[in-house]
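# An overview of the molecular structure
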Amino acid sequence: IVHIAAINKDRTIDDYQRIYNKIAEKIREDDEYDGYIGYGPVLVRLGWHSSGTYNKENNSGGSYGGTYRFKLENSDPSNNGLQNAAQFLDPIYKEFNWISHGDLYTLGAVCAIQEAQGPKIKWRPGRVDLPESATPENGRLPDAVNGADYVRKFYARLRMNDREAVALTGAHCLGRTHLKNSGFDGPWGAASSSFTNEFFINLLNEQWKLQKNAAGNKQYDSPKGYMMLETDYALIQDPIYLKIVKEYANNEASFFKDFASSFQKLLENGIDYPKGAPEYIFKTLDDQDM
Ligand code: HEM
Ligand SMILES: CCOC(=O)c1cnc2ccccc2c1N
């Protein structure tokens, strides 16, 4: 399968910055969502899940076709809760319906990370809405009740190495788990809407206890009300991952640099960009004194 980015010569960075600003202003406006965590984290998860269906073996799945908009994909149990992000983006799409769904989902995630004071993420337009027949089957997104071997193998399918895998999982500094969505619960009170290296610091500093939650699923809980999935905790069980976790816990700049490159790679998996294809770095609302 080959997906070539379609360059729309009529659209400039100003057009996409306008959409970015609309999303960023709406994130500020709709601040009550999920106990005042806000829409940032679930927008990041939508951008990740619409890209995480990629399979390097046959270059299938991924963000290009915007197939999350079809029932088969948005009703995948792995996508429980992402309807909130899709509904958030609906009015933005209605106002700017010249953008493809794949570009919108990924732009929303980049916006959410940058507005959460995370790193600048380079973003390239050109994804094209594909028909429903292009929708990947359910089951391509990762399960949370697994160890390091599973995590390494899963990320390899997305062409990610150990550093990229650890960096990407650092996005779990944002938001929380919801029993009704995934059968996991927490963190309590501590869920954050700022993008930092706190996830790695927590992994190393908290006392973790593996226990069954109210849904009977195993997760690691700490006395201070933090939680980790088994796939999170795997990052300190595996000696290679552990070394990288320590690096990011002690050097937020290194985490930011690796996250920015890994997240762009994740969002662009499966897409061939023609030479000279435009690449944008959007200004935050703060950068624009808005
Ligand atoms: C092995 C890989 C991963 C597993 C098993 C996993 C699993 C999960 C689960 C179970 C949740 C809770 C969903 C809910 O109950 O609402 C969650 C939330 C989240 N995940 Fe992951 N995840 C993984 C990797 C990633 C990656 C690569 C990113 C982004 C780069 C990411 C970003 C997020 C965010 C931002 C949330 C919070 C969403 C919210 O607050 O609504 N995750 N993840
Ligand atoms: C910085 C405090 O948050 C955490 O340590 C943490 C850990 N794992 C997660 C896994 C999925 C979603 C949110 C998660 C989360 N917020």
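Just so you know, these numbers come straight off a predicted model, no measurement behind them.

## Considering the overall build of the protein chain
- Assigned secondary structure in the protein chain consists of 13 helices and 5 strands.
- With the C-alpha coordinates of the protein chain rotated into their principal frame, the extents come out at 55 × 45 × 35 Å.
- When each of the 290 residues of the protein chain is scored for burial, the buried share is 56%.
- The contacts in the protein chain between residues at least 6 apart in sequence include a share of 76% that link residues at least 24 apart.
- Of the roughly 13000 Å² that the protein chain leaves accessible, carbon and sulfur atoms contribute 49%.
- Both charge centroids of the protein chain, one from 33 positive and one from 39 negative side chains, sit 4 Å from each other.

## Let's talk about the site of ligand 2
- The immediate surroundings of ligand 2 are formed by 15 residues, with His172, Gly175, Asn202, Met227 and Asp232 found nearest.
- In the environment of ligand 2, a nitrogen atom lies 3.0 Å from a nitrogen or oxygen atom belonging to the backbone of His172.
- Asp232 is positioned with one of its side-chain polar atoms (N or O) 3.0 Å from a nitrogen atom of ligand 2.
- Elements with a minimum of two residues in the shell around ligand 2: α10 (198-205) and β4 (227-228).
- At 3 residues, the largest contribution of residues to the shell around ligand 2 is made by α10.
- Partitioning the shell around ligand 2 into residue classes produces 8 nonpolar, 4 polar and 3 charged.

## Here we look at unusual backbone geometry
- The peptide bond linking Gly186 to Pro187 adopts the cis configuration, its omega dihedral lying at 0 degrees.
- When you line up the elements, Pro187 lands in the loop between α9 (179-182) and α10.
- A positive phi is found at Gln117, a non-glycine position, where the angle reads about 65 degrees.
- Although it is not a glycine, Asp289 sits at a positive phi angle of roughly 50 degrees.
- Mapped onto the elements, Asp289 comes out in the segment after β5 (271-272).
- For Asp289, a relative accessible area of 74% translates into the label exposed.

## Here's the deal with the state of the cysteines
- Overall, the coordinates contain 0 disulfides when judged by the stated rule.
- Cys111 takes part in no disulfide bond, and the closest cysteine sulfur to it belongs to Cys173, at a distance of 16 Å.

## Description of the nonpolar core
- Counting 74 residues, the largest nonpolar core has Ile23, Leu43, Phe195, Phe259 and Phe263 as its most contacted members.
- Ranked by the residues each element gives to this core, the list is headed by helix α6 (residues 101-115), at 8 residues.
- Each of domain 1 (3-140 + 263-272) and domain 2 (148-254) gives at least three residues to this core.
- Not counting chain neighbours up to four residues away, the residues in contact with Phe259 comprise Ile113, Pro119, Ile121, Ala167, Leu168, Ala171 and Phe195.
- In this structure, Tyr64, Ile271, Tyr273 and Ala277 belong to the second largest nonpolar core, which totals 5 residues.

## Description of the domain arrangement of the protein chain
- When cut into domains, the protein chain gives domain 1 (3-140 + 263-272) and domain 2 (148-254).
- Using C-alpha coordinates to define each centre, domain 1 is positioned 23 Å away from domain 2.
- The junction of domain 1 with domain 2 conceals about 1800 Å² of combined surface from both sides, 59% of it contributed by carbon and sulfur atoms.
- In this structure, Glu164 engages Lys265 in a salt bridge whose closest nitrogen and oxygen atoms are separated by 3.0 Å.
- Here domain 1 and domain 2 share 12 residue pairs in polar contact (both at pLDDT 80 or more) between them.
- Of all elements in the fold, only α3 (40-51) and α13 (252-268) reach the threshold of two or more residues within the side of domain 1 that touches domain 2.
- When grouped by side-chain class, the residues that make up the side of domain 1 that touches domain 2 number 11 nonpolar, 8 polar and 4 charged.

## Points about the environment of Glu29
- Following the sequence through the fold, Glu29 ends up in helix α1 (residues 13-29).
- C-alpha separation for the pair Glu29 and Tyr39, spaced 10 residues apart in sequence, amounts to 9.9 Å.

## Considerations on the site of ligand 1
- The local shell around ligand 1 holds 22 residues, among which His172, Arg176, His178, Asn181 and Ser182 are the closest.
- With respect to ligand 1, the backbone of Arg176 contributes an N or O atom lying 2.9 Å from an oxygen atom.
- Side-chain polar atom of His178 to an oxygen atom of ligand 1: 2.7 Å apart, as the coordinates give it.
- Mapped by element, the contributors of at least two residues to the shell around ligand 1 are α3 and α9.
- The element best represented in the shell around ligand 1 is α3, accounting for 4 residues.
- Counted by class, the shell around ligand 1 contains 12 nonpolar, 7 polar and 3 charged residues.

The rules behind each value
Residues numbered from 1 in each chain as written. Chains lettered and ligands numbered in written order. Predicted model: local features only at pLDDT ≥ 70, side-chain atom pairs only at ≥ 80, totals over all residues. Heavy atoms only, no water. Helix = DSSP H or I, 4+ residues; strand = E, 2+ residues; numbered from the N terminus. Buried < 20%, exposed > 50% of the residue type's maximum accessible area, 1.4 Å probe, protein only. Contact = heavy atoms within 4.5 Å. Areas by Shrake-Rupley, 256 points an atom, 1.4 Å probe, with all protein chains shown as cover. Lys, Arg positive; Asp, Glu negative; His and termini not counted. Charge placed at Lys NZ, Arg CZ, Asp CG, Glu CD. Near = heavy atom within 4 Å. Polar contact = N/O pair within 3.5 Å; in protein donor to acceptor, adjacent residues only side chain to side chain. Nonpolar A, V, L, I, M, F, W, Y, C, P; charged D, E, K, R; others polar. Disulfide = S-S within 2.5 Å. Core = buried A, V, L, I, M, F, W, Y, C linked by side-chain atoms within 4.5 Å. Domains from an automatic or database assignment. Buried area = accessible area lost by both parts, 1.4 Å probe. Salt bridge = Lys/Arg side-chain N within 4 Å of Asp/Glu carboxyl O.

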